[in-house]
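# Coordinates in review
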Amino acid sequence: MRKKLRLVAMGATSIALTVALAACGEAGGGDENEEEGNADASGTIGLLLPDDVTTRYETFDRPFIESKVEELCPDCDVQYSNAGNDTNAQRQQFDALLTQGVDVIILDAVDSKATGDWVADAAAEGVPVLAYDRLAEGPVEAYISYDNQRVGELQGQTLLDSLGENAEGSRVVMINGAPTDPNAADFKSGAHSVLDGTAEIVFEQDVEEWDGAIANEQMTGAIDSLGTDGFDGVYVANDGMAAGVVTALNAAGISGIPVGGQDAELAGLQRIVSGEQTFTIYKALRPQAELAGEVAVRLLRGEDFADLTPDSVDSPTDEGIPSTLLDPVAVTVDNIADTVVADEAYTVEDICTADYAEACQEAGLS
């Protein structure tokens with residue numbers, strides 16, 4: 001079994017992370033028990049992300065995690081791979097990390113149901129696995145994500161709010177995420193908990209992959225089945241798929257239909273400004289990623305991380321997994337400036353390119 005290093009902690013997390021974790025105390029601070037360690041040692045952290053279609057992973061998650069590890073452990077190395085939405089490829093990447101002798105693995109699984117044996121193999125070699133964003137099965141050491149049930153609740157409620165006085169008895173199409181992603185089930189469950197009893201779900205499909213082209217096909221099928229006036233709003237599990245849904249609506253000549261997504265992708269925000277998409281759900285990625293980086297460093301050093309994981313969740317294979325579930329925020333055209341722009345996730349210049357300049361001016365985003 002690989003010997004774990006026991007070293008001292010390296011200071012506080014970023015301001016954003018401190019704010020995000022205010023309810024559980026100051027993040028990243030060491031304690032007296034950590035003085036027994038050696039803060040100069042190095043190690044290797046494996047980082048496995050699931051796909052390169054969802055823009056957040058390469059644009060935000062990876063650089064934020066790598067930067068936090070560099071800050072806390074300058075001599076540590078991060079070995080990164082992206083699975084391209086291929087479970088077999090990710091298994092090969094995971095096994096390669098074990099062969100290379102990494103000390104910790106941060107895993108955002110393509111298919112969480114497939115990971116039980118992987119994580120067990122890592123545990124047998126003394127390599128702790130941190131589940132990131134999606135709750136991998138197997139004996140993971142900790143889980144860092146957002147409250148995904150709450151994400152779905154916000155999606156459902158914001159869709160109803162967008163329908164206003166027409167919400168009661170409204171007809172809603174639901175295009176859900178991939179069943180291989182446990183977050184998709186939470187989004188779906190949360191949305192149903194709000195929509196059911198107020199709206200009628202007249203068409204519902206899960207996608208095989210988080211893919212806008214598949215969502216486009218499903219929305220086209222819904223339109224063919226229901227007619228152009230057979231629904232009042234569309235729930236979409238994320239912004240990438242919302243792009244496909246909007247394309248299908250435009251092709252059918254349908255406008256004025258509330259469409260919601262999730263992830264606060266730049267293209268989604270631009271569709272919100274232009275009026276093609278009604279809302280998204282913002283999950284500030286810096287605090288999530290930086291927290292994962294800090295927990296990974298503590299795992300590498302064999303240090304306690306309970307102050308960073310005040311929550312607890314159960315997976316299909318394990319109970320009581322130390323966790324942090326951050327709070328999401330609904331974003332509409334009215335609060336883009338107060339959310340994603342204020343957090344510097346995107347600037348006004350990023351959003352308000354030439355194609356969206358007039359719409360941004362009308363929205364007061366300048």
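Quick caveat: nothing in here was measured; it's all calculated off a predicted structure.

### Some words on the state of the cysteines
Counted under the stated rule, the structure contains 2 disulfides. Sequence-ordered numbering of the bonded cysteines in the protein chain gives a pairing of 1-2, 3-4.

### Things to note about the packing of helix α7 (residues 212–226) against helix α8 (residues 239–251)
For the pair α7 and α8, interaxial distance at closest approach is 7 Å and the crossing angle is 40°. On the basis of the axis angle, α7 is oblique to α8. Once α7 is placed against α8, the crossing between them reads as right-handed. From α7, Gly212, Ala215, Asn216, Met219, Thr220 and Ile223 reach across to α8, where they touch Gly240, Met241, Gly244, Val245, Thr247, Ala248 and Leu249.

### A short note on empty space enclosed by the protein
In total, this model carries 3 cavities of 30 Å³ or more according to the counting rule given. Of the volumes computed, that of the largest cavity is approximately 110 Å³. Along the walls of the largest cavity sit 13 residues, with Tyr57, Arg134, Asp181, Trp210 and Asp263 positioned nearest its centre. Mapped by element, the contributors of at least two residues to the lining of the largest cavity are α2 (56–72) and α6 (182–195). Class assignment for the residues of the lining of the largest cavity results in 3 nonpolar, 4 polar and 6 charged.

### Side note on the pairing of strand β4 (residues 129–132)
Of the two faces of β4, the one holding Val129 and Ala131 and the one holding Leu130 and Tyr132 are both buried throughout. Where strand β3 (residues 104–107) meets β4, 3 bridges bridge the pair, whose relative direction is parallel. Bridge pairing links Leu107 to Ala131 in β4. The handedness of the β3 to β4 crossover, carried by helix α4 (residues 116–124), is right-handed. For β4 and strand β5 (residues 142–146), the ladder comprises 3 bridges, and the chain directions are parallel. Considered in β5, the bridge of Leu130 is made with Ala142.

### Some points on the pattern of salt bridges
Under the counting rule described, the total for this entry stands at 16 salt bridges. Residues Arg56 and Asp133 are paired through a salt bridge, measuring 3.3 Å at the closest nitrogen-oxygen approach. Here Arg56, found in helix α2, pairs with Asp133, found in the loop between β4 and β5; they are 77 residues apart in sequence, far enough to count as distant. By relative accessible area, which is 4% here, Arg56 ends up buried. Given the relative accessible area of 3%, Asp133 is considered buried. Note that Arg150 is salt-bridged to Glu153, the shortest N-O span being 3.4 Å. Of this pair, Arg150 and Glu153 both sit in helix α5 (residues 148–163), separated by 3 residues, roughly a single helical turn. Overall, Glu153 belongs to the partly exposed group, its relative accessible area being 23%. Within this structure, Arg56, Asp61 and Asp133 form a network of salt bridges that share partners.

About the criteria used
- Residues numbered from 1 in each chain as written.
- Predicted model: local features only at pLDDT ≥ 70, side-chain atom pairs only at ≥ 80, totals over all residues.
- Heavy atoms only, no water.
- Disulfide = S-S within 2.5 Å.
- Axes fitted to C-alpha atoms, helices over the stretch in contact; angles between N-to-C directions.
- Helix = DSSP H or I, 4+ residues; strand = E, 2+ residues; numbered from the N terminus.
- Parallel < 35°, antiparallel > 145°, perpendicular 65-115°, else oblique.
- Left-handed = near helix turned anticlockwise from the far one by under 90°.
- Contact = heavy atoms within 4.5 Å.
- 1 Å grid on protein atoms, 1.4 Å probe; cavity = no way out; pocket = protein on both sides within 12 Å on 5 of 7 lines; lining within 4 Å.
- Points joined across faces, edges and corners; volume = space filled by probe spheres on them.
- Nonpolar A, V, L, I, M, F, W, Y, C, P; charged D, E, K, R; others polar.
- Buried < 20%, exposed > 50% of the residue type's maximum accessible area, 1.4 Å probe, protein only.
- Pairing = 2+ DSSP bridges.
- Right-handed = clockwise from strand over helix to strand, strands pointing away.
- Salt bridge = Lys/Arg side-chain N within 4 Å of Asp/Glu carboxyl O.

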